[in-house]
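Observations on chain architecture
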Amino acid sequence: MGFAKDFVWGVATSAHQIEGSACGDGKGMNIWDMFAKETGHIFEGQTGDVACDHYNRYREDVDMMKEMGVKAYRFSVDWSRVLPEGKGRVNEEGIAFYNHLVDALLEAGIEPYMTLYHWEMPYEIHKRGGWMNPKSVKWFGNYARLLAERFSDRVKYFFTFNEPQCFVGLGYLTGEHAPGIVGPLRDTIEMSHNIMKAHGQAVRMLRQYGKQPLTIGYAPTGSMFYPETDTPEDIVAAKELLFSMTEDDRDWTWNVAWWSDPVLLGRYPEEGLKRFEAYLPKITDEDMELISEPIDIYGQNIYNGKCVRMGADGKPEIVKRYEGFPRAAAGWPLTPECLYWGPKFLYERYGKPIYITENGMSCHDVVSLDGKVHDPNRIDCLARYLTQLKKAAEEIEVAGYFQWSFMDNFEWAKGYSDRFGLIFTDFRTQERIWKDSAYWYQNVIRTNGEEL
């Protein structure tokens, strides 16, 4: 028992976090390019203008992936690099870059998994209202058609959206992320429906214009919950909280059900419909038919979770973490159990093959006096998490795991202060150094997870 023989061991990145060349070769501006230009938003005023210079160094990076033995690479296309205005004119130089990347991956024996949207909204689309504009459904669909026409002869696997919980909640409610809007709740509810429709439209376009049978998925995130004990009561409590809405309206996007039930079950959760009744746009049967266009695989980004038990009053309650609870450098709690219970609960509800599309840990990585990067905390963390995922894979269909991240990169509002990579990036020189965890992951892949 353990991971299936064809289990997909991968690494993941996103375009804006690694590519650089923010204004190069005809690329348009995206909301993160603009957000970083304004002071006070990003740690120490840092930007993604250069990042890891992957745009120019992709061959070197693919060579490292090949040496590491990864089977698949999940990356995103920067919408503004291929469609500088978000619609209309195609930037052929941007298309050429992704063609070269895809070809290099295939030559290296690495399966490309293409994500359509990892937060790189063209600024010109944003100026037209972004996801608040109902036309965004058509614009995103046409973008998906372009990618299908240009890449689906070689790319079989596509994800539509990455983490709408984040790009809506942090981008339009709290203003921590681009475009930096602290908006009304009503706006975010309305844009969520447009995003759901845009997902469905993208699925239709990929199916219609794909040059081969495609495997299409979706990669949300959300707070995970796991039971304090294996008693039926605690398991029911954890599952109930996983698919419930959060209590704080200003934190409403952080849930699973609102963003996944429409896609996979064809309906919004009743709890959300009742709670947000006053803010809901008109939702038609045609909308729901579009949103629930069949997908093949379900991705979930999982980093941590909360422990739950059934309270004496018959209601779920969060178990308080003990003093000194282990945390990553980013401050996130380390809760390996969520990589067993999370996939298990999701599979039971949605019945699709599960990919962990992101999972990882930030550490205070440094180049030691011996010239190497020693990160035992990351190795220990990943071993614990993957042990839990292996347990899940023995019970449900877990199809793949994408380590976040392949390399240290521009970590959004945190700039370059958080290091999640298996590969250390020296942002002064662009030198790449294998961390100890990269060698460890290489062995995990080689043994198909038998040696954790």
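Being a predicted model, the structure only gives us computed values, none of them experimental. (Residues numbered from 1 in each chain as written. Predicted model: local features only at pLDDT ≥ 70, side-chain atom pairs only at ≥ 80, totals over all residues. Heavy atoms only, no water.)

1. Brief notes about the nonpolar core
The nonpolar side chains of a soluble globular protein tend to be buried, and buried together. Core analysis: the largest hydrophobic core is formed by 135 residues, its most contacted members being Tyr117, Trp131, Phe140, Tyr401 and Tyr441. It is helix H9 (residues 185-209) that provides the largest number of residues to this core, a total of 10 residues. Look past the residues within four positions of Trp131 in its chain and what remains in contact with it is Trp79, Tyr117, Met121, Ser136, Phe140, Phe161, Phe167, Tyr172, Met191, Asn194, Ile195 and Ala198. Judged by nonpolar contacts, the second largest core, of 14 residues, contains Val8, Ala219, Ile297 and Phe402. (Core = buried A, V, L, I, M, F, W, Y, C linked by side-chain atoms within 4.5 Å. Buried < 20%, exposed > 50% of the residue type's maximum accessible area, 1.4 Å probe, protein only. Helix = DSSP H or I, 4+ residues; strand = E, 2+ residues; numbered from the N terminus. Contact = heavy atoms within 4.5 Å.)

2. Examining helix H10 (residues 232-242)
Taken as a whole, H10 has its buried residues at Asp234, Ala237, Ala238 and Leu242. Projection of H10 onto a plane perpendicular to its axis shows the buried side chains occupying an angular sector of 135°, all on one side. Structurally, H10 contributes buried residues whose contacts are with strand S6 (224-227), strand S8 (305-310), strand S9 (316-318) and helix H14 (338-350). (Arc of directions from axis to C-beta.)

3. Concerning the sheet that holds strand S2 (residues 72-76)
Taken together, the 8 strands give an open sheet; going across it, the order is S5-S4-S3-S2-S1-S11-S10-S7, and neighbouring strands pair in parallel fashion. The two strands at the open ends of the sheet, each matched to only one other strand, are strand S5 (215-219) and strand S7 (298-301). For this sheet, the mean angle separating the axes of adjacent strands, direction not counted, is 25°. Sheet topology places S7 next to strand S10 (residues 354-358); 4 bridges connect them, and they run parallel. Among the inter-strand pairings, Gln300 is bridged to a residue of S10, identified as Ile356. Sheet contacts for helix H5 (residues 92-107): S2 and strand S3 (111-117); angle to S2, the most-contacted strand, approximately 170°. Sheet strands touched by H14: S7, S10 and strand S11 (398-404). Its angle to S10, the strand with the most contacts, is close to 130°. (Pairing = 2+ DSSP bridges. Axes fitted to C-alpha atoms, helices over the stretch in contact; angles between N-to-C directions.)

4. Digging into the packing of aromatic side chains
Across all of its chains, the model carries 49 aromatic pairs by this definition. Ring geometry for Phe140 and Phe161: centres 4.6 Å apart, planes at 15°, overall stacked. Residue Phe140 is located in helix H7 (residues 136-151), and its partner Phe161 is located in strand S4 (residues 157-162); the two are separated by 21 residues in the primary sequence. Among the residues examined, Phe140 registers a relative accessible area of 0% and is labelled buried. In this structure Phe161 comes out as buried when scored by relative accessible area, which is 0%. Put simply, the rings of Trp79, Tyr117, Trp131, Phe140, Tyr143, Phe161 and Phe167 touch in pairs and so form one group of aromatic residues. One residue, Arg74, lies across the ring of Phe159, its end atom 5.8 Å from the ring centre. Taking the ring centre of Tyr340 as reference, the NZ or CZ of Lys391 above it sits at 4.3 Å. (Phe/Tyr/Trp six-rings, centres within 6.5 Å; stacked < 30°, edge-to-face > 60°. Lys NZ or Arg CZ within 6 Å of the ring centre and 35° of its normal.)

5. Side note on unusual backbone geometry
Here Ala178 and Pro179 are connected by a cis peptide whose omega angle stands at 5°. Mapping Pro179 onto the fold places it in the loop between helix H8 (164-173) and H9. With an omega of 5°, the peptide bond running from Trp404 to Ser405 counts as cis. Topologically, Ser405 is positioned in the loop between S11 and strand S12 (423-426). Even without a glycine there, the phi angle at Asp25 is positive, about 55°. Note on placement: Asp25 falls in the loop between helix H1 (15-18) and helix H2 (31-37). One non-glycine residue with positive phi stands out, namely Ala51, at about 50°. Position of Ala51 relative to the elements: it lies in the loop between H2 and helix H3 (54-68).

6. Here we look at the sheet that holds S8
Pairing is mixed across the open sheet formed by 3 strands, whose spatial order is S6-S8-S9. Only two strands of the sheet have a single partner each, and these edge strands are S6 and S9. Between one strand axis and the next, the sheet turns through 45° on average, direction left out of account. The pairing of S8 with S9 spans 3 bridges and is classified as antiparallel. Among the inter-strand pairings, Met310 is bridged to a residue of S9, identified as Pro316.

7. Quick notes on H5
Taking 1.5 Å per residue as the helical rise, H5 with its 16 residues ought to reach 22 Å, and the 22 Å between its terminal C-alpha atoms agrees with that figure. Every buried residue belonging to H5 is among Gly94, Ile95, Phe97, Tyr98, Asn99, Leu101, Val102, Ala104 and Leu105, and all of these are buried. In this fold, the buried residues of H5 make contact with H1, H3, S2, helix H4 (79-82), S3 and H7. Looking at the residues trailing H5, positive phi occurs at Gly109, about 75°. (Expected span 1.5 Å × (residues − 1).)

8. Some thoughts on the side chain of Asn409
Mapped onto the secondary structure, Asn409 falls in the loop between S11 and S12. Residue class for Asn409 comes out buried when judged on its relative accessible area of 2%. A distance of 3.4 Å separates a polar atom in the side chain of Asn409 from a polar atom in the side chain of Gln17. The contacts of Asn409, once residues within four sequence positions are left out, are Gln17, Ile18, Cys52, Trp404, Gly415, Tyr416, Asp418 and Phe427. (Polar contact = N/O pair within 3.5 Å; in protein donor to acceptor, adjacent residues only side chain to side chain.)

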